[in-house]
Amino acid sequence: MQKSELDINSWIDEYHNGVRYGLEGTVLFEEQSQYQHITIIESKRYGKGLLLDGCWMTAEKQEKHYHECLVHPALCSAEKINKILIIGGGDGGTARECLHHKGIKQIDMIEIDHRVVELSKQYLPTLGGEAWNDPRLNLKFRNGITWTQNSATNSYDVIIVDGSDPVGPAKGLFNRVFFENCKRILRRGGVFATQSESPEAFRNIHIESVKLIREVFGFADPLYGSVPMYPSGWWSWTFASVEKPRYLHPKASRTENIESQCEIWSPRWQKGAFDSIPISIERELQK
Ligand code: SPD
């Protein structure tokens, strides 16, 4: 019998503010690591999935909705893409999408929790795929906030923050000091990208993050898309740069190879996703 034909009939939910967001499936493995509660599931609809502290992170048949949108607007628009910093991203999906860009020479991936990487390699091997063996990937198990504090000024062409929600170990990825360090270590012509929560389920965090990133970098805009398994299904990523909003303009020389490998992202999709900002959010960002 195919797995999809199994009558699984139990539910795994993320609870948030009076609503629950669930998948039908079974728990395959769970443990309390040094940093967080890690759960691996098998779901009926989206394959194997990962939760951290009870919050949805990713699933095999849905991860592209998230990773393509976080990575390609930044990597297609930065002036250079020699050296990249990924903070978090322990499932490997962000590194895999980055490495589709042949111009990359080195990715420093700084993940706090080695168990997330080990369990993702074991249960979700398609997420990282070949990225785990790519010599350009320099994976270190460190605190990403400390890493940005200690990195030299002008170190990276692109910085991508693929953290979890702003509770537990990811809390410090949403504050001014962290954003200021990211700006300091970003090279001229560089682009900063971060997941910036749901404009519905985490409205305040979303608005405050975009405002703060805009204040620190000078230019920052949210891009809206859908990650069906996340709270409300409506998600955002925020991109920032210093001299001008270069993230709005993907370079044709980079997009050609990338678009053909994507399920969601294309330059056309990106334009629409930046433009689909609700007027109420535009107003809130002006305040
Ligand atoms: N609630 C989900 C917040 C997004 C966290 N990042 C997902 C990790 C995927 N690499």
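In the block above lies the structure referred to throughout.
An account of the accompanying structure is given in this report. Since the model is a prediction, treat every value here as computed from it, not as a measurement.

**Some points on the packing of helix 7 (residues 203-217) against helix 10 (residues 279-286)**
Then, number 1: Between helix 7 and helix 10, whose axes approach to 10 Å, the crossing angle comes to 50 degrees. As far as their axial angle goes, helix 10 and helix 7 are oblique. For the pair helix 7 and helix 10, the crossing hand works out as right-handed. Residues Arg203, His206, Ile207, Val210, Lys211 and Arg214 of helix 7 touch helix 10, and the partners they reach there are Ser280, Ile281, Glu284 and Leu285.

**Topic: empty space enclosed by the protein**
Then, number 1: A complete count under the given rule lists one cavity of 30 Å³ or more for this structure.
Then, number 2: Surrounding the largest cavity, 33 residues form its lining, Gly88, Glu111, Asp162, Gly163 and Ser164 being those nearest its centre.
Then, number 3: Tallied by class, the residues present in the lining of the largest cavity amount to 17 nonpolar, nine polar and seven charged.
Then, number 4: Structurally, the lining of the largest cavity is a two-domain feature, drawing no fewer than three residues from each of domain 1 (10-58) and domain 2 (63-286).

**Comments concerning the nonpolar core**
Then, number 1: In terms of nonpolar packing, the biggest core is built from 44 residues, with Trp56 and Trp237 touching the most fellow members.
Then, number 2: With six residues, the single largest contributor to this core is helix 1 (residues 64-75).
Then, number 3: Looking at this core, you find at least three residues from each of domain 1 (10-58) and domain 2 (63-286).
Then, number 4: Membership of the second largest hydrophobic core comes to 22 residues, among which are Trp147, Tyr156, Leu173 and Phe174.

Analysis parameters
Residues numbered from 1 in each chain as written. Predicted model: local features only at pLDDT ≥ 70, side-chain atom pairs only at ≥ 80, totals over all residues. Heavy atoms only, no water. Axes fitted to C-alpha atoms, helices over the stretch in contact; angles between N-to-C directions. Helix = DSSP H or I, 4+ residues; strand = E, 2+ residues; numbered from the N terminus. Parallel < 35°, antiparallel > 145°, perpendicular 65-115°, else oblique. Left-handed = near helix turned anticlockwise from the far one by under 90°. Contact = heavy atoms within 4.5 Å. 1 Å grid on protein atoms, 1.4 Å probe; cavity = no way out; pocket = protein on both sides within 12 Å on 5 of 7 lines; lining within 4 Å. Points joined across faces, edges and corners; volume = space filled by probe spheres on them. Nonpolar A, V, L, I, M, F, W, Y, C, P; charged D, E, K, R; others polar. Domains from an automatic or database assignment. Core = buried A, V, L, I, M, F, W, Y, C linked by side-chain atoms within 4.5 Å. Buried < 20%, exposed > 50% of the residue type's maximum accessible area, 1.4 Å probe, protein only.

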